[in-house]
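Listed below, chain by chain, are the residues.
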Amino acid sequence: MSEDIILDKIAGDYEWGFSTDIDMDTLPKGLNEDVVKFISKKKNDPTFMLEWRLKAYKHWLTLEEPQWANIHHPPIDYQDAIYYAAPRKENKLNSLEDLDPKIKETYEKLGIPLVEQQFLAGVAVDAVMDSVSVVTTYREKLSDLGIIFCSISEAIKEHPELVKKYLGSVVPYSDNFFAALNSAVFSDGSFVYIPKGVRCPMELSTYFRINAANTGQFERTLIIADEGAYVSYLEGCTAPMRDENQLHAAVVELIALDNAEIKYSTVQNWYPGDKNGKGGIYNFVTKRGICGENAKISWTQVETGSSITWKYPSVILKGDNSIGEFYSVALTNNYQQADTGTKMIHLGKNTKSRIVSKGISAGHSQNSYRGLVRVGKSADNARNYSQCDSLLMGDRCGAHTFPYFDIKNKNATVEHEATTSKIGEDIIFYCGQRGISEEDAVALIVNGYAKEVLNQLPMEFAVEAQKLLAISLEGSVG
Amino acid sequence: MLSIKNLKAKIDNKEILKGINLEVKPGEVHAIMGPNGSGKSTLASVLTGREGYEVTGGEITYDGKNLLELSAEDRARAGIFLAFQYPVEIPGVSTTNFMKTAINEIRKSKGIAPMSAGEFLKRLKDKAALVELDVEMTKRYVNVGFSGGEKKRNEIFQMAMLEPRLGILDETDSGLDIDALRIVANGVNKLRNENNAFVVITHYQRLLDYIVPDFVHVLYKGKIVKSGGKELAYQLEEEGYDWIKEEQTVK
Ligand SMILES: Nc1ncnc2c1ncn2[C@@H]1O[C@H](COP(=O)(O)OP(=O)(O)OP(=O)(O)O)[C@@H](O)[C@H]1O
Ligand SMILES: [Mg+2]
C-alpha cells in the first residue's frame, strides 16, 4: 500500500469538529481529540501513529501535572495554548532590526555570524545560508554509511518499522504527564539511526538540520545506535532562540544496543524571562536512554535558559557492564527556576554510572538538583559516583540538593559528594584588587567551576558555552 | 606618589576615618600601627576602592590623579596592591590561572599584549622562590584549604608576581611563624626599590625589625595622631597605646 492510499484511508475517519479546513496553518487555542487528529493528519501520519497519539491523549486526560518539583508557577491552562502552527511563517521577522536588542547583543557577544543570527532569530533567509549545501554534503556522506539522519516526521514515513519498534520504548506515553502530552501532539523532531558497527564520522546536530530547527513546542527525538555503533549528537545552539511559545514539552529517547555508545550534548538557552521574571519558557523535558550489554550513554547538558526547567536525563543500565553518565551545568539567574538532575537505573551486572552536577544560582533564582540512583537486586557490583556542587552568586538565590538512593543489591558501591560555595562581594573585590573586572572574575570562577562538564562538550561548543555562562551572569554579583 | 588629605569616610553611616593625612613618596616604607578598630583596614579598603564605604570628605591623589574616581580594578591596574588581612578563598580557580588572568588584564589595560607562557612560567618560578613558596601550591585553588600562614604567604607571592608600585600590607605578619615572618619580610625587602613604596599595617614592632620603615604612624579613632621614625614603634611596643590615648583625651 502506498502512503497516499494509507492516508486516504485514515483521512476518511477524521471528524472535523471545527469549522477550519485542513489547509489552515494554525489551529485555534485548545486541546481535544480533534486537535490530535488534525495534527496527525497535517503530519501525514500512518495509522499506527495516529492510534498511538490518541492513546497517549486519552491517557493524558487521566493524569495530573506533577507537583513534586521545587518550582512554582501560576497554573498552566492547557486549553489556552495553540498546539499546531506551521513553522512560524507569520512570526517571521523581516530583518534583524525587529529583534529584541538584548538577544541581538548576545549574538554579537558570542560572535555569531550574521547569516546564522538571522537564522536563529527566524528571519526569512531561506536559501541564502551556506549551511544548506553543507547539510546536503553531510547527508550524502552519512547515507553512504547507512546512517539515517532526518526529521522524525520523515522517519515515520520512510522508516516506520524502526519508529514502530523504538518510539515509546524508553519513554512510554504513559510515563508522565508531559511525556503523554508530547506523545499526543508532537509536531516534529529528529531521528537518527546508526547501523551495526558504524562509527558516525561527525557530530550530528539539529543545528545543521535546518528544516527541523523550528519544530517548537513539542519536539520528539529518537536516536538508535545499533550494535557496536557510535554517535555524538548535539542539541540546540548557544544563542538565545527567539520563541513565543511559553510551554515546551520535549521527549528524547536514546537506544544504545549492545556495545554501542551514544553521547548526547545539549546547550539550552531558551528565553529565560526578563529581570523581573516576566515571560520566559516553561521547559518540561523527558530524556531517557537505555543501554544494552557493554553499551554507554553519556548525557551532557548546559542549561542556562527557560524560566522553568524540569528535566532529568536518565539512563537505564539494562545490559551487563553498561555505563551511564550525566554531566550537567544548570545556571539560573533573576527569577529563573530549575529542577534538574538524573536517574541512573542499574539493572545489569557490573554497571557503572557517574553523575557530575554543577548548579549555579544568581539573582533571586532557585536551583535544585534532584537525582535518583537505583540499584536492582540483580545488579551485582554496580557502582555509582555522584558529585553535586552548588555555586551561589550573592545571597538572594537558593540552591537545593535532593539525592535519592534505592539500593537493593549488597555488592553495590555508591558514593555521593556535595559542596556549596558562594561568590560574594568579598571575592569580587579580591579579584578587582588584582586588576580583574567583575565580568572577568565571574567568567573565571564559573568556568573553573564548570570545567569538568564543559570538557565533555565538543570543542567549539565548549567555547561558546563558556561565553554563554559568563553572559548569563553579567551583573549578577554585588 | 600618594597623597591623602583630610580623608573622612563612613560605613553604614558610621564615621570611621575622621580626617587622615598621609604623604607617601617613591622609595619609602610607612608603617601604620594602632589599636584594634582604629580604622587601619578601613583606610586600606578606601584606598583600594572597596564598595560600601562613603567618602565624606578630603581627597586622595595618586600619581597626580584623583584616586577616588577610579574603580577597584583600575586602581589595581595603576599599581596599587593590597595584601589582605583576611584573604578569601576562590574555588575552582588555581593561583596560577588567577595570576595569569590578573597579569594579562593589567597588561591589556595598558595596551600590552598578553605575557607569553614562557615568560609567565619563569616569573612564577622566580617569585615562588623569592617567598620560598612551593610551586605546587600555585596549582591549588586560590587559598582554598590553605592554613592561615599559607594564605598570608600567598598574598606576598601575588604581590611579587604583580610588581606593584604601591604595596599595602594589612597585618600580613599576623599568623606567621618566625621563619615565615623572616621569609615574607625578606621578600618585601627584595621588592623594594626607589620607584615603589609600601604601607605596612602591623601590630608588632618585630616585623619592623625586618622591614625597616622610614616612618611610623599611629592611627587612633580614625586619625593619625602621631608620626615618627622607627623608634616610635619601639616605644609603642614598650609602653602600649595608653600614653597616646591619654594625650588625646587631654587634647
Ligand atoms: N560594615 C561595617 N559596619 C559597621 N562598622 C564597621 C564595618 N566595618 C568596620 N566597621 C567598624 O569600623 C571600625 C574600624 O575597623 P577596621 O577594620 O578598620 O579596624 P582596624 O584598625 O583594621 O582593626 P584591627 O587592628 O582589629 O584589624 C571598627 O570599629 C569596626 O567595627
Ligand atoms: Mg584591620
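Just above, that's the structure.
We now turn to the structure provided with this report. Remember, it's a predicted structure, so these values are computed and weren't measured experimentally.

**A closer look at the overall build of chain A**
Here is step 1 of the chain: The number of helices and strands found in chain A is 12 helices and 19 strands.
Here is step 2 of the chain: Buried residues in chain A amount to 59% of all 478 residues.
Here is step 3 of the chain: Of the contacts formed within chain A by residues at least 6 apart in sequence, a portion of 84% connects residues at least 24 apart.

**Observations regarding the overall build of chain B**
Here is step 1 of the chain: Across its full length, chain B holds 9 helices and 10 strands.
Here is step 2 of the chain: The C-alpha radius of gyration computed for chain B amounts to 18 Å, which stays within 12% of the reference 18 Å derived for 251 residues, consistent with globular compactness.
Here is step 3 of the chain: Dimensions of chain B, computed from C-alpha atoms along their principal axes, come out at roughly 60 × 40 × 35 Å.
Here is step 4 of the chain: For chain B, the proportion of its 251 residues judged to be buried stands at 55%.
Here is step 5 of the chain: Restricting the contact set of chain B to residue pairs at least 6 apart, pairs at least 24 apart contribute 68%.
Here is step 6 of the chain: Summed over its atoms, the accessible surface of chain B is roughly 11,200 Å², and 48% of this surface lies on carbon and sulfur atoms.
Here is step 7 of the chain: Taking the average location of the 35 positive side-chain charges in chain B and that of its 36 negative ones, the two points are 3 Å from each other.

**Some thoughts on the coordination of the magnesium ion (ligand 2)**
Residues and elements named next belong to chain B.
Here is step 1 of the chain: Coordination of the magnesium ion (ligand 2) by the protein is provided by S41 (OG) and Q85 (OE1), with metal-donor distances spanning 2.0 to 2.2 Å. With S41 in helix α1 (residues 40–48) and Q85 in the loop between β6 (80–83) and α3 (95–109), this residue pair connects regions lying 44 residues apart in the sequence.
Here is step 2 of the chain: The class for S41 is partly exposed, based on a relative accessible area of 27%.

**Re the sheet that holds strand β2 (residues 14–24) of chain B**
Residue and element names in this part refer to chain B.
Here is step 1 of the chain: The strand order across the open sheet formed by 4 strands is β2-β1-β4-β5, and the pairing between neighbours is antiparallel. Each of the sheet's edge strands pairs with one partner strand only, and the pair in question is β2 and β5 (65–66).
Here is step 2 of the chain: Examined bridge by bridge, strand β4 (residues 53–62) and β5 share 2 bridges and lie antiparallel to one another. Bridged to Y62 within β5 is K65.

**Section: the site of ligand 1**
All names here are of chain B.
Here is step 1 of the chain: The full set close to ligand 1 counts 14 residues, and G37, K40, S41, T42 and H203 are the nearest of them.
Here is step 2 of the chain: Within the side chain of H203, a nitrogen or oxygen atom sits 2.9 Å from an oxygen atom of ligand 1.
Here is step 3 of the chain: About the coverage of ligand 1: the protein hides 66% of its 640 Å² of free accessible area.
Here is step 4 of the chain: For the shell around ligand 1, the secondary-structure elements that each account for two or more residues are β2 and α1.
Here is step 5 of the chain: The dominant element in the shell around ligand 1, judged by the number of residues it contributes, is α1, at 3 residues.

**Digging into the packing of helix α10 (residues 425–433) of chain A against helix α11 (residues 438–454) of chain A**
Residue and element names in this part refer to chain A.
Here is step 1 of the chain: Orientation of α10 relative to α11, taken along the N-to-C sense of each, is 110°, at an axis distance of 9 Å. It follows from the interaxial angle that α10 and α11 lie roughly perpendicular. With respect to the hand of their crossing, α10 and α11 are arranged in right-handed fashion. In this structure, α10 uses I427, I428 and C431 to contact α11, whose residues at the interface are E438, A441, V442 and I445.
Here is step 2 of the chain: Tallied by class, residues from the contact of α10 with α11 come to 6 nonpolar, no polar and 1 charged.

**Notes on the nonpolar core**
Generally speaking, soluble globular proteins have nonpolar side chains that are buried together.
Here is step 1 of the chain: Ranked by size, the top nonpolar core spans 101 residues in total, and within it I360(A), M393(A), I4(B), I90(B), F98(B), L166(B) and I168(B) carry the most contacts.
Here is step 2 of the chain: Per-element tally for this core: the top contributor is α11(A), with 9 residues.

**Let's talk about the interface of chain B and chain A**
Put simply, an interface is often sized by how much accessible area is lost when its parts join up.
Here is step 1 of the chain: Taken residue by residue, the interface counts 30 residues in chain B and 19 residues in chain A.
Here is step 2 of the chain: Summing both sides of the interface, chain B and chain A together bury roughly 2,100 Å²; the carbon and sulfur share of this comes to 65%.
Here is step 3 of the chain: Residue R434(A) pairs with E155(B) through a salt bridge whose shortest N-O separation is 2.7 Å.
Here is step 4 of the chain: Listed by contribution, the elements that provide at least two residues to the side of chain B that touches chain A are α2 (72–77), β6, α3 and α5 (148–162) of chain B.

**Examining the sheet that holds strand β10 (residues 296–303) of chain A**
All names here are of chain A.
Here is step 1 of the chain: With parallel pairing, 8 strands are arranged side by side in an open sheet as β3-β5-β8-β10-β13-β15-β17-β19. In the strand order of this sheet, the two ends are held by β3 (204–205) and β19 (413–423), each with one partner.
Here is step 2 of the chain: Two strands pair when backbone bridges link them, and strand β17 (residues 383–393) and β19 are joined in this way by 11 bridges, in the parallel orientation. Considered in β19, the bridge of S390 is made with T420.

**Re the pairing of strand β10 (residues 223–228) of chain B**
Residues and elements named next belong to chain B.
Here is step 1 of the chain: In terms of strand pairing, strand β9 (residues 215–220) meets β10 through 5 bridges, oriented antiparallel. Residue pairing in the sheet places H217 in a bridge with S227 of β10.
Here is step 2 of the chain: With antiparallel pairing between neighbouring strands as the criterion, β9 and β10 make up a hairpin whose turn holds 2 residues, including K221 at a positive phi of roughly 50°.

**Here we look at the packing of aromatic side chains**
Here is step 1 of the chain: Summed over all chains, the structure comprises 20 aromatic pairs over all chains.
Here is step 2 of the chain: Consider the rings of W60(A) and Y78(A), whose centres lie 5.7 Å apart with planes at 75°: the pair is edge-to-face. Of this pair, W60(A) sits in helix α3 (residues 47–61) while Y78(A) sits in the loop between α3 and α4 (101–110), placing them 18 residues apart in sequence.
Here is step 3 of the chain: For Y78(A), a relative accessible area of 9% corresponds to the buried category.
Here is step 4 of the chain: The interplanar angle of 70° and the centroid separation of 5.7 Å between the aromatic rings of F429(A) and F84(B) together place this pair among those described as edge-to-face. Taken together, the positions of F429(A) in helix α10 and F84(B) in the loop between β6 and α3 put the pair across two chains. Take F429(A) and F84(B): they sit in the same class, and that class is buried.
Here is step 5 of the chain: Linked through ring pairs, Y57(A), W60(A), W68(A), Y78(A), F177(A), F178(A), Y282(A), F284(A), W310(A) and Y312(A) together constitute an aromatic cluster.
Here is step 6 of the chain: Here the guanidinium or amino end of R199(A) rests over the ring plane of Y230(A), the centre of that ring lying 4.0 Å away.
Here is step 7 of the chain: In this structure, R220(A) is placed above the aromatic ring of F186(A), and the distance from its NZ or CZ to the ring centre is 6.0 Å.

**So, the pattern of salt bridges**
Side-chain pairs of opposite charge can arise whenever the charged atoms involved come near each other.
Here is step 1 of the chain: Evaluated as defined, the whole model comprises 28 salt bridges over all chains.
Here is step 2 of the chain: Put simply, K296(A) and E325(A) hold a salt bridge, and the shortest N to O gap is 3.7 Å. Of this pair, K296(A) sits in strand β10 while E325(A) sits in strand β13 (residues 323–332); the two residues are 29 residues apart in sequence, bridging distant segments of the chain.
Here is step 3 of the chain: On the basis of relative accessible area, E325(A) is assigned to the buried category, the value being 11%.
Here is step 4 of the chain: Across the pair R192(B) and D214(B) runs a salt bridge whose closest N-O atoms are separated by 3.9 Å. Note that R192(B) is positioned in the loop between α6 (178–191) and β8 (197–201) and D214(B) in the loop between α7 (205–210) and β9, a separation of 22 residues in sequence.
Here is step 5 of the chain: Residue classification places R192(B) among the partly exposed positions, given a relative accessible area of 26%.
Here is step 6 of the chain: Through salt bridges with shared partners, one network takes in D74(B), R77(B), E105(B) and K108(B).

Each value, and the rule that gives it
- Residues numbered from 1 in each chain as written.
- Chains lettered and ligands numbered in written order.
- Predicted model: local features only at pLDDT ≥ 70, side-chain atom pairs only at ≥ 80, totals over all residues.
- Heavy atoms only, no water.
- Helix = DSSP H or I, 4+ residues; strand = E, 2+ residues; numbered from the N terminus.
- Buried < 20%, exposed > 50% of the residue type's maximum accessible area, 1.4 Å probe, protein only.
- Contact = heavy atoms within 4.5 Å.
- Rg over C-alpha atoms; globule rule 2.2 N^0.38 Å.
- Areas by Shrake-Rupley, 256 points an atom, 1.4 Å probe, with all protein chains shown as cover.
- Lys, Arg positive; Asp, Glu negative; His and termini not counted.
- Charge placed at Lys NZ, Arg CZ, Asp CG, Glu CD.
- Donors = N, O, S within 2.8 Å, 3.2 Å for Na, K, Ca; no water.
- Pairing = 2+ DSSP bridges.
- Near = heavy atom within 4 Å.
- Polar contact = N/O pair within 3.5 Å; in protein donor to acceptor, adjacent residues only side chain to side chain.
- Axes fitted to C-alpha atoms, helices over the stretch in contact; angles between N-to-C directions.
- Parallel < 35°, antiparallel > 145°, perpendicular 65-115°, else oblique.
- Left-handed = near helix turned anticlockwise from the far one by under 90°.
- Nonpolar A, V, L, I, M, F, W, Y, C, P; charged D, E, K, R; others polar.
- Core = buried A, V, L, I, M, F, W, Y, C linked by side-chain atoms within 4.5 Å.
- Buried area = accessible area lost by both parts, 1.4 Å probe.
- Salt bridge = Lys/Arg side-chain N within 4 Å of Asp/Glu carboxyl O.
- Phe/Tyr/Trp six-rings, centres within 6.5 Å; stacked < 30°, edge-to-face > 60°.
- Lys NZ or Arg CZ within 6 Å of the ring centre and 35° of its normal.

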